[in-house]
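# Chains, contacts and geometry: an overview
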Amino acid sequence: MNHLQGKQILLGVTGSIAVYRSLDLIRLLQAKGAEVKVIMTKGAQAFITPLTFSAISRNKVYTDIFQTYPEYPIVHLDLAKWADALVIAPASADILAKLAQGIADDLLTSTFLGCSKPVLIAPSMNPQMYAHPAVQANIARLKSYGFHILASTQGKTACGDVGQGRLPPVENMVEAIESLFTKKDLTAYKVLITAGPTQEAIDPIRFLTNHSSGRMGFALAKTAYQRGAEVTLISGPTSLKPPYGVNFLSVTTTQDMLEAVLRHFPSVDVVVMAAAVMDFKPLYYPHKIKKREKLSLSLEKTPDILAILGKEKKHQYLIGFAAETKDLLAEAMKKLKAKNLDMIVANEISQSNTGFKATTNKVSVIYKNGAYEQWPLMSKEDVAWRLWDRIKTFL
Ligand code: CTP
């Protein structure tokens, strides 16, 4: 499900060194099918010329409220009407102050006042400036008016200072913009999702694991957040960036995952165990095993997290995944019963376009009462979206 296809995004850029990152943002939005038009403040133009934004956005760039543009005679109101959403990124301390006060002394601030569409503001500045009570008060005020404020991230800023105030990664910004257009039907729910593989160490150098990429669990977390849920994502090691807005916990072993899951379990409404949990672990050698030493491993079972949740569950709706190479439905059905689940998603993993490493997935969804649906090959995000549609009907 691509919520940005055909959307018209009006991007306001202001005087912050992070303004160059808005160029990447435009490209990602375009790759998702959105059209972008840009308003630049004077401060933004001190960093980058309008020509650069015009070349990347493939549209005229608007800078002056007193200029008559042939296509937009009343430029601030016409642009506000054109937009499906207004995104101000990066937003400097100065623009936050003006927006919070309703000052309309240039094109961007006037467009903001004339805009009735969703607005997302992404502050970006030096950590000292960001932490200033005046800036925080402006952010709080804008939030209280119902505008979406993107949380800035921690790290080293352009001036060399370390702290909060950085613009988030552009992928996260795109996710947040996409969220402006998604239905918010999961707002009442807290969900816990596990993803990725777990790893079990053999010695200080080696470990056992599996091919799980984490994509299915991450897609479930991203889509649940975009639909308004409060999301905790507990993941084993993967190469993926945590989705925007989720409470992300990174774990390594099955035991770590069990402990993290049990800490959150009592307070959540839904658990989706999409992780490919290691079922066994080797006896750990504290020193590197040398070639000349023994070459066999003794394995012991790890806890079955989902089975434990199945025994302990009270109000929680419990969903498992079943990765199978044969007898998909029968094996998945057995797991649903044995682990006391409400739903199980059976995953064929013997083909390259479905299951572990793929970006697409072909699943069957089996319900507690024995009913099941077989879905066609879809992107993992589409599978996630449709799964939430189904889960929602049971909550
Ligand atoms: N699972 C779990 N803890 C484990 C093993 C699996 O919580 N130690 C969960 C998985 O996250 C998944 C479901 O149980 O949601 C089924 O996992 P799967 O690996 O398909 O099956 P297993 O229960 O491990 O059984 P088998 O290995 O016999 O197929």
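The present account deals with the structure reproduced in this document. In this text the structure is predicted, and so the values were computed from the model without any measurement.

## Describing the pattern of salt bridges
Overall, the coordinates contain 18 salt bridges when judged by the stated rule. Close ionic contact of Arg206 with Asp203 constitutes a salt bridge, the shortest N to O distance being 2.5 Å. Arg206 sits in the partly exposed class, given a relative accessible area of 33%. Classification of Asp203 as buried rests on a relative accessible area of 2%. Salt-bridge contacts for Lys222 lead to Glu381; the nearest nitrogen and oxygen are separated by 3.1 Å. Of the two residues, Lys222 is situated in helix H10 (residues 215-226) and Glu381 in helix H14 (residues 380-394); the sequence distance between them amounts to 159 residues.

## A few points about the sheet that holds strand S6 (residues 148-149)
Judged by pairing direction, the sheet is parallel, and its 6 strands sit side by side in the order S3-S2-S1-S4-S5-S6 without closing on themselves. Two strands bound the open sheet, and with one partner strand each, they are strand S3 (61-62) and S6. Summarising the sheet, strand S2 (residues 35-40) and S3 pair through 2 bridges and their orientation is parallel. Bridging across to S3, Ile39 finds its partner in Tyr62. Running over the sheet, helix H3 (residues 50-57) touches strand S1 (8-13), S2 and S3 and is turned about 170° from S2.

## Quick look at the sheet that holds strand S13 (residues 247-250)
Read from one edge of the open sheet, 8 strands run S13-S12-S9-S14-S17-S18-S20-S21, paired in mixed fashion. The outermost strands of the open sheet, each flanked by one partner alone, are S13 and strand S21 (372-374). In this sheet, neighbouring strand axes are inclined to one another by 15° on average, regardless of whether the strands run parallel or antiparallel. Across the sheet, helix H13 (residues 328-338) lies against strand S17 (317-324), strand S18 (343-348), strand S20 (363-367) and S21, angled at about 150° from S18, the strand it touches most.

Here is what the cut-offs are and how they apply
- Residues numbered from 1 in each chain as written.
- Predicted model: local features only at pLDDT ≥ 70, side-chain atom pairs only at ≥ 80, totals over all residues.
- Heavy atoms only, no water.
- Salt bridge = Lys/Arg side-chain N within 4 Å of Asp/Glu carboxyl O.
- Buried < 20%, exposed > 50% of the residue type's maximum accessible area, 1.4 Å probe, protein only.
- Helix = DSSP H or I, 4+ residues; strand = E, 2+ residues; numbered from the N terminus.
- Pairing = 2+ DSSP bridges.
- Contact = heavy atoms within 4.5 Å.
- Axes fitted to C-alpha atoms, helices over the stretch in contact; angles between N-to-C directions.

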